[in-house]
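# Architecture and fold: a report
Chain residues, written in single-letter form:
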Amino acid sequence: MRYKLARLPVIACLTMLLAGCVTSGAVDTRTMLPPLPADLVACFGPRTLVPRPQGKGPLSAAEVERLVAQLKISEWAHDRCGRRLIAFYEALAAGLKGN
């Protein structure tokens, strides 16, 4: 029994040392990664969405046509932003691989 009690402080110290190993290898990416360009952040904001039609009744043919046109323009704009975001990421990844 006395032998087991003598090992307790050693086990406690080893446990504390090993618990610190998990965080010692962690990398804080906020210091390594550049901020996302503001134009890309703005591309995907809530104001870029096409608003829902507010009418209570069925939409007229002209309203449907206008809504489809707005949705296509929105989709095109989001596609361009997405492609720029992918290019930004790929350039960033290529730069990190070079280090």
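Above: the structure in question.
A short tour of the structure in this document, coming up. Because the structure is a prediction, the values reported are computed rather than measured.

About the thresholds
- Residues numbered from 1 in each chain as written.
- Predicted model: local features only at pLDDT ≥ 70, side-chain atom pairs only at ≥ 80, totals over all residues.
- Heavy atoms only, no water.
- Patch = residues over 30% accessible without salt bridge, like charges linked within 9 Å, V, L, I, M, F, W, Y side chains within 5 Å.
- Areas by Shrake-Rupley, 256 points an atom, 1.4 Å probe, with all protein chains shown as cover.
- Salt bridge = Lys/Arg side-chain N within 4 Å of Asp/Glu carboxyl O.
- Helix = DSSP H or I, 4+ residues; strand = E, 2+ residues; numbered from the N terminus.
- Disulfide = S-S within 2.5 Å.
- Buried < 20%, exposed > 50% of the residue type's maximum accessible area, 1.4 Å probe, protein only.

### Quick word on a nonpolar patch on the surface
- A contiguous nonpolar surface patch, about 330 Å² in accessible area, is contributed by Leu36, Val41, Phe44 and Leu85.
- If you trace the backbone, valine 41 turns up in helix α2 (residues 38-43).

### Here we look at the state of the cysteines
- Counted by the stated rule, this structure contains one disulfide.
- Shown here is the disulfide that connects cysteine 43 with cysteine 81, its sulfur atoms set 1.8 Å apart. Given an S-S torsion of about -60°, the disulfide between cysteine 43 and cysteine 81 has left-handed geometry. Here cysteine 43 is found in helix α2, whereas its partner cysteine 81 is found in helix α3 (residues 61-98), with 38 residues between them in sequence.
- By relative accessible area, cysteine 43 is classed as buried at 13%.

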